[in-house]
Amino acid sequence: ATVTVTFKMDANGMLEVTASNPATKSTRSITITAEDGRLSEEEVADMVRDAERHAEDDKREYGRIEARNRLESHLYAVSSSVNENEERIEDKDDLKTLLDSLDEMTEWLDDNQDAMENEYQRKYSEIDSLYRPVLSSLYGKDGEDDAGY
């Protein structure tokens, strides 16, 4: 049996599909409008308004997550650097303070997944202020030996 299928599209985006079977002389049609399964203009406008209302919240959340990721990466980098150079760090008191702070900060980070952006930034500054003197004594001393500065 042969079935003939025809498609007709009008200027309004309506599609008419017709299937006919010449052997049985039966014909079936369906019309699909442009709106079938699509959002109305009003629904789209509502979604745009909703997105605009939440844009500032999204921006704050993005900043918060970026600050958290930055702190987490910094903790990892500082920890790796200290562990790789532990034996070369002469001031063992500074080293102990830094190691203890890294442990505390890592625990704080695990316990404060939803902290505000400024809290993450403050913690970053705290670790950075402890790490910089250790770093400068480590690499500053090497620089003097190697480059004569």
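Predicted, not measured: the structure shown is a model, and the values here were computed from it.

## Considering the overall build of the chain
- Check the secondary structure of the chain and you find three helices and three strands.
- Considering only contacts in the chain between residues 6 or more positions apart, those separated by 24 or more positions represent 43%.
- Total accessible area computed for the chain in this model is approximately 11,100 Å², and 50% of it derives from carbon and sulfur atoms.

## Let's talk about the sheet that holds strand β3 (residues 26–32)
- Overall, antiparallel pairing links the three strands, which are arranged β1-β2-β3 in an open sheet. Pairing within the sheet leaves two strands with one partner each, and these edge strands are β1 (4–9) and β3. Shown here is a sheet whose adjacent strand axes are inclined to one another by a mean of 15°, direction ignored.
- Judged from the seven bridges that link them, strand β2 (residues 15–21) and β3 form a sheet pairing that is antiparallel. When the sheet's bridge partners are listed, Ser20 is paired in β3 with Thr27.

## Thoughts on helix α1 (residues 41–85)
- For α1, with 45 residues, the first-to-last C-alpha span of 63 Å sits near the 66 Å given by 1.5 Å per residue.
- Taken as a whole, α1 has its buried residues at Gly63, Arg64, Ala67, Arg68, Leu71, His74, Leu75, Val78, Ser81, Val82 and Asn85.

## A word on the confidence of the model for the chain
- Of the residues in the chain, 90% reach a pLDDT of 70 or more, and the chain-wide mean stands at 85.
- No element of the chain has a lower mean pLDDT than helix α3 (residues 117–147), at 78, and none a higher one than helix α2 (residues 92–111), at 93.
- Overall, residues 142–149 carries pLDDT values under 50, and its contacts beyond four positions in sequence, including any with other chains, amount to four contacts.

## Here we look at the packing of α1 against α2
- Closest axis-to-axis distance for the α1/α2 pair is 11 Å, and the angle between their directions is 145°. The way α1 lies across α2 gives a crossing that is left-handed. For the pair α1 and α2, the contacting residues are Arg68, Leu71, Glu72, Leu75, Val78, Ser79, Val82 and Asn83 in the first and Leu95, Leu98, Leu99, Leu102, Met105, Thr106, Trp108 and Leu109 in the second.
- Residues that form the contact of α1 with α2 fall into these classes: eleven nonpolar, three polar and two charged.

## Considerations on the environment of Arg70
- Mapping Arg70 onto the fold places it in helix α1.
- Remark: the alpha-carbon pair of Arg70 and Tyr124, spanning 54 residues in sequence, is separated by 8.0 Å.

## Comments concerning the nonpolar core
- In terms of nonpolar packing, the biggest core is built from 19 residues, with Leu71, Leu75, Val78, Val82, Leu98 and Tyr120 touching the most fellow members.
- For this core, the elements supplying multiple residues, two or more each, are α1, α2 and α3.

## Quick word on the packing of aromatic side chains
- Taken as a whole and assessed by the stated rule, the structure comprises one aromatic pair.
- The interplanar angle of 80° and the centroid separation of 5.8 Å between the aromatic rings of Trp108 and Tyr120 together place this pair among those described as edge-to-face. Taken together, the residues Trp108 in helix α2 and Tyr120 in helix α3 connect sequence positions twelve residues apart. The burial state of Trp108 is the same as that of Tyr120; both residues are buried.
- Just above the ring of Tyr124 sits the side chain of Arg70; from NZ or CZ to the centre is 3.9 Å.

The rules behind the values
- By convention here, each chain's residues receive numbers from 1 onward along its written sequence.
- The predicted nature of this model means local features are confined to residues of pLDDT at least 70 and side-chain atom pairs, given and counted, to a pLDDT of 80 or more, with totals for whole chains, interfaces and linings taken over all residues.
- Based on all heavy atoms of the structure, the side-chain values leave hydrogens and waters out of the count.
- Helix and strand definitions follow DSSP, with helices as H or I runs of at least four residues and strands as E runs of at least two, each counted in order from the N terminus.
- Any two residues whose heavy atoms approach within 4.5 Å are treated as being in contact.
- Throughout, the Shrake-Rupley method with a 1.4 Å probe supplies accessible areas, and for residues the shown protein chains are the sole cover considered.
- Here a strand pair is declared whenever DSSP counts at least two bridges between the two strands.
- Lines fitted to C-alpha atoms define the axes here, with helix axes fitted over just the stretch in contact, and angles between the N-to-C directions of these axes take values from 0 to 180 degrees.
- One fewer than the residue count of a helix, multiplied by 1.5 Å, yields its expected span.
- For every residue, the accessible area obtained with a 1.4 Å probe (protein chains only) is divided by the maximum for its type, and the residue is called buried under 20%, exposed over 50%, and partly exposed between those limits.
- Scored from 0 to 100, pLDDT reflects the predictor's confidence in each residue.
- By convention, the crossing between two helices is left-handed when the near helix turns anticlockwise from the far helix through less than a right angle, and right-handed when the turn is clockwise.
- Amino acids are sorted into nonpolar (Ala, Val, Leu, Ile, Met, Phe, Trp, Tyr, Cys and Pro), charged (Asp, Glu, Lys and Arg) and polar (every other residue, Gly among them).
- Remark: nonpolar core denotes a set of buried residues (Ala, Val, Leu, Ile, Met, Phe, Trp, Tyr, Cys) joined through side-chain atoms within 4.5 Å.
- Pairing of aromatic side chains here covers Phe, Tyr and the six-membered ring of Trp, requires ring centres within 6.5 Å, and sorts the geometry by plane angle: under 30 degrees stacked, over 60 edge-to-face, intermediate tilted.
- Throughout this description, the term charge over a ring refers to an Arg CZ or Lys NZ atom that lies within 6 Å of the ring centre and within 35 degrees of the ring normal.

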